Amino acid sequence: YLSMKKPILGFVCEGSQKWILENSGLAIIADPDDLQQSIDILRLMIEGQVHLKPNWDFIDQFKMDTIMNKLSEIFKTVIKDD
């Protein structure tokens, strides 16, 4: 979803997934263990009161060409060291 730049509804706990979703600016996040919070967030979404602010620089680092370029640079470094 990040590479397609689609909004994400994430029911996630603390950790890497939450960090990525928060930093993307494309996600609405709810604690999966907090039913009332989830209800409130869904209500705001339905009422159109949720506004996302995508962080395009952060999101673009997950594009395949960006990842492949980084991997290529790592390979070049490893090959030069041998």
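Our subject is the structure listed above.
Residues numbered from 1 in each chain as written. Predicted model: local features only at pLDDT ≥ 70, side-chain atom pairs only at ≥ 80, totals over all residues. Heavy atoms only, no water.

Undergrad: Break down the overall build of the protein for me, with residues and values.
TA: Within the protein, the regular secondary structure consists of 4 helices and 2 strands. The linear arrangement of helices and strands in the protein, starting from the amino end, is β-α-β-α-α-α. Against the 2.2 N^0.38 benchmark of 12 Å for 82 residues, the protein shows a C-alpha radius of gyration of 17 Å, more extended than a compact globule. Projected onto the principal axes, the alpha-carbon positions of the protein cover approximately 55 × 25 × 15 Å. The buried share among the 82 residues of the protein stands at 21%. Across the protein, the fraction of contacts at a sequence separation of at least 24, relative to all contacts at a separation of at least 6, is 41%. Total accessible area computed for the protein in this model is approximately 6300 Å², and 57% of it derives from carbon and sulfur atoms. Each charge class in the protein was averaged separately, 9 positive and 13 negative side chains, and the resulting centres sit 8 Å apart. (Helix = DSSP H or I, 4+ residues; strand = E, 2+ residues; numbered from the N terminus. Rg over C-alpha atoms; globule rule 2.2 N^0.38 Å. Buried < 20%, exposed > 50% of the residue type's maximum accessible area, 1.4 Å probe, protein only. Contact = heavy atoms within 4.5 Å. Areas by Shrake-Rupley, 256 points an atom, 1.4 Å probe, with all protein chains shown as cover. Lys, Arg positive; Asp, Glu negative; His and termini not counted. Charge placed at Lys NZ, Arg CZ, Asp CG, Glu CD.)

Undergrad: Describe in detail unusual backbone geometry, supporting the description with residues and values.
TA: Phi angles above zero are rare outside glycine, and lysine 5 is one such case at about 60 degrees. Looking at the secondary structure, you find lysine 5 in the segment before β1 (8-11). Assessed through its relative accessible area of 37%, lysine 5 is described here as partly exposed.

Undergrad: Break down the pairing of strand β2 (residues 27-30) for me, with residues and values.
TA: Residues Ala27 and Ile29 of β2 are buried on one face, and the alternating residues Ile28 and Ala30, pointing to the opposite face, are buried as well. In terms of strand pairing, β1 meets β2 through 4 bridges, oriented parallel. Of the residues in β2, the one forming a bridge with glycine 10 is isoleucine 29. Crossover β1 to β2 through helix α1 (residues 16-24) is right-handed. (Pairing = 2+ DSSP bridges. Right-handed = clockwise from strand over helix to strand, strands pointing away.)

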